[in-house]
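Reading the structure
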Amino acid sequence: MIPAAGLGTRFLPATKELPKELLPVLDRPVIQWAVEEAVASGADEIVLVLAEGKEALAAHLRPDPALEHLLEERGKTAELEAVRHAGNLSRVTVARQAAPRGLGDAVLCAANAVGDRTFLCMLADDLSLAEPPVLRQLWNAHEELGTSILALMRVPKEQISRYGCAEIAETRGKLHRVSGLVEKPPAAEAKSEFAVMGRYVLTPAIFAALRETQPGALGEIQLTDGIGRMLETEEVWGVEFDGELLDVGTPSGWLATNMRLAREHPEFQSAVAAIDGTGGA
Ligand code: UTP
């Protein structure tokens, strides 16, 4: 499940018309990076949660016979291959969120599409730079423990107030049993240095928990609150994943991620080297 019905206010004015998930990172849009990670992690179906006006996101993931035909006629083989690849990554189902009532509400909007299954949930705002991908590491932990799994990242204490923070009851190597969650705690009150990142394995119990979760600030239903409620009935574990998640949900994060990936990419590194060479870095 990829909830992508948010407003993208941190990226205005770029996202006034264009969904932030369609902004390119190197040569492909953010949504494609997300779906490629999901597929590489074993997902065989994608449920996209969309708001009105964001249909182009689903269109990017579907075949485009007219464009393919044109590229074929013109002998643009590499481009044809790239377009076919993007349009055939996975089966895609669309669920709708009528109004931006929060991430928890967006997840609930996909309840029918998901059904009574344990599922992977990912926010496209971060790209995984990890082998195996972060989502796969979470699924491996789920296969070991059988519970919902959160992606945990150690952050310096003074930065924890930017994240959801997990309280830890028990540790087995890189696996930690979660006993509570607090959204953006002041550093002095944080119960751990573990931030909860935007990758999850969730059991279907999350839907009942979210139905009972009251809206918080701004009338939004928080996924964190739903997971907190789920803790009353079942165990939730977190995995301290290997590798990195790179922010593409803010202009500065997006820019830094593009620069970083470009430096390592055979097609783009010379362009970046030219800037570095003349830009007085
Ligand atoms: P964010 O908190 O990043 O919000 O949502 P946003 O709207 O995407 O971006 P900003 O903060 O205004 O710049 C985290 C994730 O939850 C989804 C978003 O699409 C994003 O992937 N979301 C959020 C929804 O699907 N629906 C909502 O009502 C809120």
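Now for a description of the structure that goes with this document. (Residues numbered from 1 in each chain as written. Predicted model: local features only at pLDDT ≥ 70, side-chain atom pairs only at ≥ 80, totals over all residues. Heavy atoms only, no water.)

Near the ligand, the surroundings consist of 18 residues, among which Leu7, Thr9, Arg10, Lys20 and Gln97 are the closest. Alanine 5 places a polar main-chain atom, nitrogen or oxygen, 2.9 Å from an oxygen atom of the ligand. In the complex, the protein chains occlude 83% of the 570 Å² of accessible area that the ligand would expose alone. Of all the secondary structure elements, the ones that give two or more residues to the shell around the ligand are strand E1 (2–4) and helix H5 (103–109). By residue class, the composition of the shell around the ligand is 8 nonpolar, 5 polar and 5 charged. (Near = heavy atom within 4 Å. Polar contact = N/O pair within 3.5 Å; in protein donor to acceptor, adjacent residues only side chain to side chain. Areas by Shrake-Rupley, 256 points an atom, 1.4 Å probe, with all protein chains shown as cover. Helix = DSSP H or I, 4+ residues; strand = E, 2+ residues; numbered from the N terminus. Nonpolar A, V, L, I, M, F, W, Y, C, P; charged D, E, K, R; others polar.)

A side chain with one charge may pair with a side chain of the opposite charge, provided their charged atoms come close. In the structure shown here, the tally under the stated rule is 22 salt bridges. Residue glutamate 193 pairs with arginine 154 through a salt bridge whose shortest N-O separation is 2.6 Å. Separated by 39 residues along the polypeptide, glutamate 193 in the loop between strand E10 (175–183) and strand E11 (194–202) and arginine 154 in strand E8 (residues 148–154) bring together distant segments of the chain. When its relative accessible area of 44% is taken as the criterion, arginine 154 is described as partly exposed. Salt-bridge contacts for glutamate 183 lead to lysine 184; the nearest nitrogen and oxygen are separated by 3.5 Å. You can call glutamate 183 partly exposed: its relative accessible area is 34%. The partly exposed category is assigned to lysine 184, whose relative accessible area is 49%. Each member of the salt-bridge network shares a partner with another, and the members are Arg10, Lys20 and Asp125. (Salt bridge = Lys/Arg side-chain N within 4 Å of Asp/Glu carboxyl O. Buried < 20%, exposed > 50% of the residue type's maximum accessible area, 1.4 Å probe, protein only.)

Moving on, we come to the environment of threonine 147. Within the secondary structure, threonine 147 is located in the loop between helix H7 (134–145) and E8. Note on threonine 147: relative accessible area 11%, which makes it buried. Distance in space between the C-alpha atoms of threonine 147 and serine 270 is 46 Å, their sequence separation being 123 residues. If we ignore the near neighbours within four places in the chain, the residues touching threonine 147 are His142, Val201, Thr203, Glu235 and Trp237. (Contact = heavy atoms within 4.5 Å.)

Taken as a whole and assessed by the stated rule, the structure comprises 2 aromatic pairs. Ring plane angle 10° and centroid distance 5.5 Å describe the contact between phenylalanine 119 and phenylalanine 207, whose orientation is recorded as stacked. Highlighted residues: phenylalanine 119 in strand E6 (residues 119–122) and phenylalanine 207 in helix H8 (residues 205–211), separated in sequence by 88 residues. On the accessibility criterion, phenylalanine 119 (7% relative accessible area) is buried. The ring of tryptophan 33 carries arginine 28 above its face, with NZ or CZ at 5.6 Å from the centroid. (Phe/Tyr/Trp six-rings, centres within 6.5 Å; stacked < 30°, edge-to-face > 60°. Lys NZ or Arg CZ within 6 Å of the ring centre and 35° of its normal.)

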